[in-house]
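The chain contents come next:
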Amino acid sequence: TMGVISSLGRVIESPDGRFIGEAIQTDAAVNPGNSGGPLLNLLGEVIGVNSQIISPSQASAGIGFAVSAGTVRRVVPAIISDGRYPHPWLGVEVLDLSPGLVQVLSRAGVEVGAERGVMVVEVVRGGPAARAGIRGGQRVVSIGNVALPVGGDIITALNGVPIANLQDLNVYLESQTRVGDTVAVTVVRDGREMVLEATLTERPSQQ
């Protein structure tokens, strides 16, 4: 079918609950069985691999998404040579620092020192973040029925690129980094901004 590219760099969710951040959005019809097929431009060049469709009518009409050719070029060689693609991993468990959460924490007597970013609640022992000196929650407070580790670093940027939420963090790691890369992690700790360097390792299979 022939359609219009209505957006680039869209973020779509993969079957394992993670995010793909370089998706192409199109109104070309994506029918059952089209997943894995090419998305072509008017020159007949492959620009993406059809992946998903959002269809309010539950038919083939709606908004289609394709994984970009750039993502394919980055991932496929490793799959061909090794049978798998090593996903870069920072080794942190984080929570989006929404304005609502900041207010709730403030009422609980916890001042986070930042208004945006992701709050590190746990750092995986021996992981990249731990080796870089990034800190997780230092104490636990009860908010309703939830016990929340607080006092950890607030990650606000990677390599100078702002990180506002977990989606931003995952998309940046997946689309802009590889295993073995060293990234500059900007954190806010006790109201003071600092930059720590973390060398990414491969994401464990259970993560």
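Think of each chain on its own: its residues are numbered from 1, step by step along the sequence as written. This being a predicted model, a pLDDT of at least 70 is required before a residue's local features are given, and a value of 80 or more before pairs of side-chain atoms are given or counted; all residues contribute to the totals for chains, interfaces and linings. Side-chain measures here rest on the full set of heavy atoms in the structure, leaving out hydrogens and waters.

Note on conventions: DSSP H or I runs of at least 4 residues are helices, E runs of at least 2 residues are strands, and numbering of each starts at the N terminus. Scanning the chain for helices and strands turns up four helices and 15 strands. In terms of principal-axis extent, the alpha carbons of the chain reach across some 55 × 40 × 30 Å. Exposure classes here rest on a 1.4 Å probe applied to the protein chains alone. A residue is buried below 20% of its type maximum, exposed above 50%, and partly exposed in between. The proportion of buried residues among the 207 residues of the chain is 38%. Across the chain, every contact between residues at least 6 apart in sequence was considered, and the portion connecting residues at least 24 apart equals 50%. Of the roughly 11400 Å² that the chain leaves accessible, carbon and sulfur atoms contribute 52%. For the chain, the separation between the mean place of its 15 positive charges and that of its 19 negative charges on side chains is 5 Å. By definition, residues are in contact when any of their heavy atoms lie within 4.5 Å. Areas reported as accessible are Shrake-Rupley estimates using a 1.4 Å probe. Residue values count occlusion only from the protein chains shown. For this count, His and the chain ends are skipped, Lys and Arg are scored as positive, and Asp and Glu as negative. Charge placement uses NZ in Lys and CZ in Arg. For Asp and Glu, CG and CD serve respectively.

Now for the sheet that holds strand β1 (residues 5-13). Pairing is antiparallel across the open sheet formed by five strands, whose spatial order is β1-β2-β5-β4-β3. Each edge of the sheet is formed by a strand with only one pairing partner; in this case those strands are β1 and β3 (38-40). The average undirected angle you get between the axes of adjacent strands in this sheet is 50°. Packing against the sheet, helix α1 (residues 69-82) makes contact with β2 (19-26), β4 (46-54) and β5 (63-68), and its axis sits at approximately 40° to β5. The axes are straight lines fitted to the C-alpha atoms, using for helices just the contacting stretch, and the angles between their N-to-C directions are given from 0 to 180°. The strands touched by helix α4 (residues 166-176) within the sheet are β1 and β2, with β2 carrying the most contacts at an inclination of about 85°. What makes two strands pair is DSSP finding at least two bridges between them.

Next up on the list: the environment of R84. With respect to the secondary-structure elements, R84 resides in the loop between α1 and β6 (88-89). Look at R84 and you get partly exposed, because its relative accessible area is 43%. Remark: the alpha-carbon pair of R84 and V195, spanning 111 residues in sequence, is separated by 32 Å.

Before going further, it helps to examine the nonpolar core. Note that soluble globular proteins tend to have their nonpolar side chains buried in a common cluster. Here the nonpolar core consists of buried residues drawn from Ala, Val, Leu, Ile, Met, Phe, Trp, Tyr and Cys, with membership extended through side-chain atoms lying within 4.5 Å. In terms of nonpolar packing, the biggest core is built from 22 residues, with L90, V92, I134, I155, L158, L169 and V185 touching the most fellow members. Counting only elements with at least two residues in this core, the list comes to β7 (92-96), β8 (118-123), α3 (128-132), β11 (154-158), α4, β13 (182-189) and β14 (192-199). In this view, V92 contacts V120, E122, V123, A129 and L169; residues no more than four positions away in its chain are not counted. In terms of nonpolar packing, the next biggest core, distinct from the first, is built from 13 residues, L97, V110, M119 and I154 among them.

Below, the discussion takes up the pattern of salt bridges. In what follows, salt bridge is the name for a side-chain nitrogen of Lys or Arg lying within 4 Å of a carboxyl oxygen of Asp or Glu. As enumerated under the stated definition, the model contains four salt bridges in all. Residue R84 is joined to E202 by a salt bridge in which the shortest nitrogen-to-oxygen separation is 1.7 Å. One end of the pair, R84, is in the loop between α1 and β6; the other, E202, is in strand β15 (residues 201-202), and 118 residues separate them in sequence. Between R189 and D153 there is a salt bridge, with its nearest N and O atoms 2.7 Å apart. Taken together, the positions of R189 in strand β13 and D153 in the loop between β10 (146-150) and β11 put the pair 36 residues apart, joining distant regions of the chain. Assigned by exposure class, R189 and D153 land together as buried.

Attention shifts here to the side chain of R189. Looking at R189, the relative accessible area reads 14%, which means it is buried. Aside from chain neighbours lying at most four places away, what touches R189 is G133, I134, R135, D153, M194 and L196.

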